[in-house]
Amino acid sequence: MISTKIQAFEMKNLPQVIDVVVPLWSPPLGDANFKRFNVEFIVRNNISENDYRFELVDEKGNFLAAAFFYRKGDKCLVEDWFSKESGRFSESLLKAANMSRVYLNSMDQRTASFMKDDDIKLSLFVSRQKGAGATILNKMSEILYNEGWKTLYLWTDCDCNWQWYEKHGFELVWKGKYEPFSNEHEEYMTYIYRKTLHA
């Protein structure tokens, strides 16, 4: 069994986070540069300006997993990044990126409506190695509990492995269809989960 530790997330590892989710979250249009831009926008949208950005590394310092959290009232600087980086793409492609923006904001707001001031949200959770995700989430849950946080919330959708959360003790508190991403053949489902934190 390898030895691991949790430390503050280093932004130099952001490309490794994006590498994991590009195959899962890329939009259906645009070239590889736009797809990566759109996915990076999604990732950065889930990174708040706070001290709740963590990574799991092995004994050699290799990046294994990341977990980002949001407290009610935290700010995100993704719009500044978007303004600087979006100029290289056409307006039609940026309309697609705006669809992501509207979706993310609506689900973030819906999730926040369930949260009390002593609740915290897992806004993004990415693992590069099997088992590393459970490790960082279990360790962070203990740390958050010891800091006084009561409940951990998150939202996810059918593009992600949402069943994983149910297998790891999360309770489904809301389920809904997101109409703009649905069609006559397939419903695009979204989910909000929570877990009571304890030692």
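These lines cover the structure that appears in this document, whether it is placed above or below. (Residues numbered from 1 in each chain as written. Predicted model: local features only at pLDDT ≥ 70, side-chain atom pairs only at ≥ 80, totals over all residues. Heavy atoms only, no water.)

1. Thoughts on the nonpolar core
Note the cut-off: Only buried residues count toward a nonpolar core, which is a set of Ala, Val, Leu, Ile, Met, Phe, Trp, Tyr and Cys residues joined through side-chain atoms within 4.5 Å. Relative accessible area decides the class of each residue, using a 1.4 Å probe on protein chains only: under 20% of the type maximum gives buried, over 50% gives exposed, and in between gives partly exposed. Counting from the N terminus, the helices are the DSSP runs of H or I reaching at least four residues and the strands are the DSSP runs of E reaching at least two.
In this structure, Val17 and Val43 are the most contacted members of the largest nonpolar core, which totals 36 residues. For this core, the elements supplying multiple residues, two or more each, are helix 1 (14–25), helix 2 (32–45), strand 3 (63–71), helix 3 (78–85), helix 4 (91–112), strand 4 (119–127) and strand 5 (151–157).

2. Description of helix 4
An α-helical turn contains 3.6 residues, so a residue and the one three or four places further along point in the same direction. The following threshold applies: Multiplying 1.5 Å by the residue count of a helix minus one yields the expected span of that helix. The reported arc concerns the directions from the helix axis to the C-beta atoms and nothing else.
Between the first and last C-alpha of helix 4 there are 31 Å, a value that for 22 residues agrees with the 32 Å anticipated at 1.5 Å per step. Every buried residue belonging to helix 4 is among Leu93, Ala96, Ala97, Ser100, Arg101, Tyr103, Leu104, Met107, Asp108, Thr111 and Ala112, and all of these are buried. Looking straight down helix 4, one finds its buried side chains confined to an arc of 165°; they lie on one side. Facing away from the buried side of helix 4, by more than 90 degrees, are the exposed residues Glu91, Lys95 and Gln109.

3. Some details on the sheet that holds strand 5
Pairing between sheet strands relies on hydrogen bonds along the backbone, with the strands arranged either parallel or antiparallel. For the record, the criterion: Pairs of strands are assigned from DSSP output, requiring at least two bridges between the strands. All axes here are fitted lines through C-alpha atoms, helices being fitted over the stretch that makes contact, and every angle between N-to-C directions spans 0 to 180 degrees. Residues are treated as being in contact if the distance between any of their heavy atoms lies within 4.5 Å.
Within the open sheet, the seven strands sit side by side as 1-2-3-4-5-7-6. Their pairing is mixed. Both outer strands of the open sheet, strand 1 (4–8) and strand 6 (171–177), are each paired with one neighbouring strand and no more. Across the sheet, the mean angle from the axis of one strand to that of its neighbour is 25°, orientation sign disregarded. Taken together, the three bridges between strand 4 and strand 5 define a ladder with parallel strand orientation. Directly across from Ile120, in strand 5, lies its bridge partner Leu152. Running over the sheet, helix 1 touches strand 3 and strand 4 and is turned about 85° from strand 4.

4. Re the pattern of salt bridges
Inclusion rule: Criterion for a salt bridge: a side-chain nitrogen of Lys or Arg within 4 Å of a carboxyl oxygen of Asp or Glu.
Across all of its chains, the model carries 11 salt bridges by this definition. Salt-bridge contacts for Lys177 lead to Glu179; the nearest nitrogen and oxygen are separated by 3.3 Å. For Lys177, a relative accessible area of 37% puts it in the partly exposed group. Shared partners join several salt bridges into a network, and the residues in it are Lys177, Glu179 and Glu187.

5. Comments concerning helix 5 (residues 132–146)
Taking 1.5 Å as the rise per residue, helix 5 with 15 residues should run 21 Å; its terminal C-alpha atoms sit 21 Å apart, in good agreement. Among all positions of helix 5, only Ala132, Gly133, Ile136, Leu137, Met140, Ser141 and Leu144 are buried. Buried residues along helix 5 cover an arc of 160° about the axis, so they all sit on one side. Count one or two residues on from helix 5 and you reach Gly148, which has phi positive near 105°.

6. What about the packing of aromatic side chains?
Rules: Note on aromatic contacts: the rings of Phe and Tyr and the six-membered ring of Trp form a pair at centre separations within 6.5 Å, being stacked when their planes are under 30 degrees apart, edge-to-face when over 60 apart, and tilted otherwise.
Summed over all chains, the structure comprises 25 aromatic pairs. For the pair Phe37 and Phe82, a centre-to-centre distance of 5.5 Å together with 45° between the ring planes defines the contact as tilted. Taken together, the positions of Phe37 in helix 2 and Phe82 in helix 3 put the pair 45 residues apart, joining distant regions of the chain. For the residue pair Phe37 and Phe82, the accessibility class agrees, reading buried in each case.

7. Thoughts on the environment of Lys130
When you line up the elements, Lys130 lands in the loop between strand 4 and helix 5. Classification of Lys130 by relative accessible area gives exposed; the value is 85%. Considering only alpha carbons, one finds Lys130 and Ala65, 65 residues apart in sequence, at a separation of 9.6 Å.

8. What about the side chain of Asn46?
Definition in use: We call two N or O atoms a polar contact when they sit within 3.5 Å, provided that within protein one can donate a hydrogen and the other can accept it, with sequence-adjacent residues counted only if both atoms are side-chain atoms.
Among the secondary structure elements, Asn46 is positioned in the loop between helix 2 and strand 2 (53–58). The exposure class of Asn46 is buried, given its relative accessible area of 6%. Engagement of the side chain of Asn46 in a polar contact is seen with the backbone oxygen of Ile42, the distance being 2.8 Å. Apart from residues no more than four positions distant in its own chain, Asn46 is found in contact with Phe68, Ser123 and Leu124.

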